[in-house]
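Residues per chain are reported as follows:
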Amino acid sequence: MVCYDQENVSFFYNMSKKNISERWQTKDYVMVSLGLLVCAFVIFANILVMLAIFMNRRFHYPIYYLLGNLAAADLFAGISYMHLMFHTGPWTIKLSVHQWFVRQGLIDTSLTASVINLMAIALERHQTIFTMQLHSKMTNHRVVLLIVGIWLIAIVLGLVPSMGWNCICDIQQCSNMAPLYSRSYLVFWAVLNLLTFTVMVAVYTRIFIYVRRKTHRMSQHTSQVKHKETVVNLMKTVVMILGCFVVCWTPGLVLLLLDGLCKSCDVLTFEKFFLVLAECNSFMNPIIYSYRDKDMRVTFKRILCFPCLGWQQKDEHSGVRFNTLEQERRRRVLQEAWVVCRFTCI
């Protein structure tokens, strides 16, 4: 077995027939400009989400900690992609093998952390909705362990190629899209993300069926119009969550599978556009998971207008007590309605 660990990046690109531009071309300027624009949106949006969760005590609950961690992962994705933009095109030829692995490892780690966070949020919502709690009973200690676990998995998956799962010693297995990566690793990474998406589909489908049944029972205490509106909002939320993931991730994952399984397939024509599309998921996540929350929007306005407006906190709960059996039944119905509303609006 011959290893080519002393070769430069150009050697592997030439072997994979992936050309490195020696001069800046129009398409290079377009891709870098588009990439930096996406990065700017990603970084700004996710910093805003993290600040809101940190500053507002109403958001000091497990679901919001997970949303904050998702924002951190997407922020990291924005920074990693910005780093890529300044080390792509004609700049690629100047990279050492180690620098190339660092560039790709940052992207892999950040995107993996983002995807795993999405699944963790889906599972947390499933647990909260099915127990009909206002907030998850998960302790802060468990949330911290979950967040640490997410990042450990993401970091390991980002480091695996540089630690040996590459094609430096098996040049025939080099991929076309990532010339130093083994085709088998790309297939593994793509299948792992597709499995994550499958879990999310199953979880949100079960949530939708359960909440629809609950709202049908609750319709005895509310108008049919309100019941229909709740179901429609629920459908919109589920479609937005899964639809955004499909639109942003499916093209890139399919391309990775083709690169890993089909040596003769042309996967280089749209690879950069599909990578930008996957990165777009990192600024769509704050819109879907945070900006649709009314309390979040109010907090964002206070942060952006902080020099003009004073920071005021309002009590989250009215403090009303229910003593009779009828009042307790009404309280239970209102609590269920609140949980359903939180799912359909966040």
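These figures come from a predicted structure and were not determined experimentally.

Reading the values: rules and limits
- Residues numbered from 1 in each chain as written.
- Predicted model: local features only at pLDDT ≥ 70, side-chain atom pairs only at ≥ 80, totals over all residues.
- Heavy atoms only, no water.
- Helix = DSSP H or I, 4+ residues; strand = E, 2+ residues; numbered from the N terminus.
- Buried < 20%, exposed > 50% of the residue type's maximum accessible area, 1.4 Å probe, protein only.
- Contact = heavy atoms within 4.5 Å.
- Areas by Shrake-Rupley, 256 points an atom, 1.4 Å probe, with all protein chains shown as cover.
- Polar contact = N/O pair within 3.5 Å; in protein donor to acceptor, adjacent residues only side chain to side chain.
- UniProt positions renumbered as here; feature names shortened; annotations may be inferred.
- Phe/Tyr/Trp six-rings, centres within 6.5 Å; stacked < 30°, edge-to-face > 60°.
- Patch = residues over 30% accessible without salt bridge, like charges linked within 9 Å, V, L, I, M, F, W, Y side chains within 5 Å.
- Salt bridge = Lys/Arg side-chain N within 4 Å of Asp/Glu carboxyl O.
- Disulfide = S-S within 2.5 Å.

### Description of the overall build of the protein chain
Move 1: Within the protein chain one finds 10 helices and 0 strands.
Move 2: Each helix and strand of the protein chain, placed in order from N terminus to C terminus, yields the pattern α-α-α-α-α-α-α-α-α-α.
Move 3: Taking all 346 residues of the protein chain together, the buried fraction comes to 48%.
Move 4: When contacts within the protein chain are restricted to residue pairs at least 6 apart in sequence, those whose partners lie at least 24 apart make up 81%.
Move 5: When the accessible surface of the protein chain is split by element, carbon and sulfur atoms take 65% of a total near 18,100 Å².

### Observations regarding the environment of Ser162
Move 1: Note that Ser162 resides in the loop between helix H5 (140-159) and helix H6 (183-218).
Move 2: Separated by 58 residues in sequence, Ser162 and Gln104 place their C-alpha atoms 9.5 Å apart.
Move 3: Here the side chain of Ser162 touches Leu159 through a polar contact of 2.8 Å, landing on its backbone oxygen.

### Quick notes on the UniProt feature "transmembrane region" (unreviewed entry) in the protein chain
Move 1: Here, UniProt's "transmembrane region" (unreviewed entry) annotation points to residues 29-54, 66-86, 106-123, 143-165, 185-211, 231-258 and 273-291.
Move 2: As annotated, residues 106-123 comprises 100% helix and 0% strand, and the C-alpha atoms at either end are separated by 26 Å.
Move 3: Helix makes up 74% of residues 143-165 and strand 0%, whereas the separation of the span's terminal C-alpha atoms amounts to 31 Å.

### What to know about the packing of aromatic side chains
Move 1: Applying the stated criterion across every chain, the model contains 18 aromatic pairs.
Move 2: Aromatic pair Phe59 and Tyr64: ring centres 4.7 Å apart, planes at 40°, arrangement tilted.
Move 3: With relative accessibility at 1%, the residue Phe59 sits in the buried group.
Move 4: Consider the rings of Tyr185 and Phe188, whose centres lie 6.4 Å apart with planes at 40°: the pair is tilted. Taken together, the positions of Tyr185 and Phe188, both in helix H6 and 3 residues apart, correspond to about one turn of that helix.

### Quick word on a nonpolar patch on the surface
Move 1: Where nonpolar side chains cluster on the molecular surface, the patch consists of Leu34, Leu37, Phe41, Phe270 and Phe273 and spans about 510 Å² of accessible area.
Move 2: A per-element tally of the nonpolar patch places helix H2 (residues 26-55) first, with 3 residues.
Move 3: Within the secondary structure, Leu37 sits in helix H2.
Move 4: Residue classification places Leu37 among the partly exposed residues on the basis of a relative accessible area of 47%.

### Considerations on the state of the cysteines
Move 1: Overall, the coordinates contain 3 disulfides when judged by the stated rule.
Move 2: The residue that forms a disulfide with Cys262 is Cys265, at a sulfur-sulfur distance of 2.0 Å. Looking down the S-S bond of the Cys262 and Cys265 bridge, the torsion is 85°, so its handedness is right-handed.
Move 3: The connectivity of the disulfide-linked cysteines in the protein chain, indexed sequentially, is 1-3, 2-4, 5-6.
Move 4: Cys248 provides the cysteine sulfur closest to Cys280, a residue in no disulfide bond, and the two sulfurs are 6.1 Å apart.
Move 5: A residue is classified by how much of its surface remains accessible, and Cys280, at 16% relative accessible area, is buried.

### Re the pattern of salt bridges
Between side chains of opposite charge, a pair can form when the charged atoms approach closely.
Move 1: In this structure the tally under the stated criterion is 3 salt bridges.
Move 2: The residue Arg58 makes a salt bridge to Asp295 at a minimum N-O spacing of 3.5 Å. Taken together, the residues span a long stretch of sequence, with Arg58 in the loop between H2 and helix H3 (62-85) and Asp295 in helix H9 (residues 294-304) at a distance of 237 residues.
Move 3: You can call Asp295 partly exposed: its relative accessible area is 25%.

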